[in-house]
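As a plain string of letters, each chain reads:
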Amino acid sequence: MIQLSPRGEAVYRLLTLLVGLAALYGLGALLTASYALPGKPLAKHVDEAVIRALTNRAFDLTLLSGLVAAGLLMAGGALSPRGSRWLSRGWIGLALGSLLATPFASELSLSLSLSFGVLLVALLPKSTGPAERDIQRLWRLGLLLAALSLPLPHLLDSAPAAALRAVQLQVAFALAMLSVVYWLFGCFSRVEPGWALDSLRICSLLLLLGGGFLSAGRLGLSAAAALAAGALVLPCFVIIAAHWARAISHRDANATLSPHWLALATLLWLVNGLLGALSIQPGIQAAMRGSELMAAQDWLVGCGLLCVPLALVNQAASDLRGDNRRITGYIPFWLCGFGAALATIVQAGRGLLQHYLRLDATAELLLPLSALWMLCLLAFTAGLQIYALGYLARLPRIHVLAS
């Protein structure tokens, strides 16, 4: 049993919700991929659109729940115990209600309700610590952009909707997760606070620039503009990775796997920048439309984002327990890391074959790659399930102290 304040209990509830949603997302990703198999065996029982909508909703809710938990930690004593309790209960109710209503309600209405909830969360009071205020400002900006980007893709046609989805992943969620990354650096890294603050500002601008160009590439750029944008995107992500690598390598005696998950996020985002600089070129962008190449790029970005809340769970739960021990093990880390990376490669290979074969029904021809893709996703899903089981196995009984 551990003793926590009402705010600590609220954070622990949000972390538990986050872990459950991540496990659900992994299962949904595996089931969604099964519809690429010949005959679509699952289609006889569940509609593909329902599974896909539930998977996308679970992904968004996982990231948003991590941001809400991080916001509570950043606010610290500025938020009253009663406010912390009601915020956690309100968000958990909204998240579960949105998830349960996904098969029955329109995606636009659910996105609008989530957007309204995110806007309310963004009104959390300012942190009492001066070192965290800049991080909290970036967190607030990312939440505002995420709230705006949630309903917009459902209002537009395919090409603008794809661009807005890229803005949501590459800019809105990315900026918000960047604030969580630097908050975590403050927990385990030995870099100087002044350097960390300068690095936060530099990486924010670089991420805004690089993510903005990658999103604009979905709409189509001229050859000259795409070449110039690609030359800018690549250094942006390389510099960000260099900053993160310095903070991760200069860590203290931290026994959690939070630095490991952030290292994986760094690697995935670096690859995203390398591939993104190529993807915005007109010829490549035209080839990506109508194939799974674009889905593979979004999958890579999403996995990089997902690593940040998984790192937050490891660090925050360890801090709340008051012990410097691992919350989850190495097995889910390696399964998720290799599963996500290999699934990206195989899905991109499927997209290349779809482009060159130029056939509408290629499920039988793509069966070897589909089976390999399912195997990679099975490893990724197993990693998230083991992560959840490991977290629940170490879940302590909580005694809430008086306010």
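The structure this text deals with has already been given above.
Residues numbered from 1 in each chain as written. Predicted model: local features only at pLDDT ≥ 70, side-chain atom pairs only at ≥ 80, totals over all residues. Heavy atoms only, no water.

Details of the layout of surface pockets
Rolling a probe over the atoms, with the probe sized like a water molecule, indicates the empty space that remains.
(1) Moving on: Taken as a whole, the second largest pocket spans an internal volume of roughly 580 Å³.
(2) Moving on: Val271, Leu275, Leu300, Thr344 and Ala348 are, among the 26 residues lining the second largest pocket, the residues nearest its centre.
(3) Moving on: Among the secondary structure elements, those contributing two or more residues to the lining of the second largest pocket are helix H9 (258–279), helix H10 (282–288), helix H11 (293–321) and helix H12 (330–357).
(4) Moving on: Among the elements that take part in the lining of the second largest pocket, H12 stands out by supplying eleven residues, more than any other. (1 Å grid on protein atoms, 1.4 Å probe; cavity = no way out; pocket = protein on both sides within 12 Å on 5 of 7 lines; lining within 4 Å. Points joined across faces, edges and corners; volume = space filled by probe spheres on them. Helix = DSSP H or I, 4+ residues; strand = E, 2+ residues; numbered from the N terminus.)

Here we look at the nonpolar core
(1) Moving on: Trp91 and Trp261 are the most contacted members of the largest nonpolar core, which has 120 residues in total.
(2) Moving on: The dominant element in this core, judged by the number of residues it contributes, is helix H6 (residues 158–188), at 16 residues.
(3) Moving on: In contact with Trp91, not counting residues within four places along its chain, are Leu14, Leu17, Leu61, Leu64, Ser65, Val68, Leu114, Gly117, Val118 and Val121. (Core = buried A, V, L, I, M, F, W, Y, C linked by side-chain atoms within 4.5 Å. Buried < 20%, exposed > 50% of the residue type's maximum accessible area, 1.4 Å probe, protein only. Contact = heavy atoms within 4.5 Å.)

Focus: helix H1 (residues 6–33)
(1) Moving on: In a regular helix each residue adds 1.5 Å, so 28 residues correspond to 40 Å; H1 covers 41 Å between its end C-alpha atoms and thus fits that length.
(2) Moving on: Of all 28 residues making up H1, 21 are buried, and the element is well covered by its neighbours. (Expected span 1.5 Å × (residues − 1).)

Focus on the packing of aromatic side chains
(1) Moving on: For the structure shown, the criterion picks out ten aromatic pairs.
(2) Moving on: Relative to Phe185, the ring of Tyr182 has its centre 5.1 Å away and its plane inclined at 75 degrees; by these criteria the two rings are edge-to-face. Taken as a pair, Tyr182 and Phe185 lie in helix H6 at a separation of three residues, close to a single helical turn. Each member of the pair, Tyr182 together with Phe185, is buried.
(3) Moving on: Pairwise contacts between aromatic rings join Trp261, Phe333, Trp334, Phe338 and Tyr387 into one cluster. (Phe/Tyr/Trp six-rings, centres within 6.5 Å; stacked < 30°, edge-to-face > 60°.)

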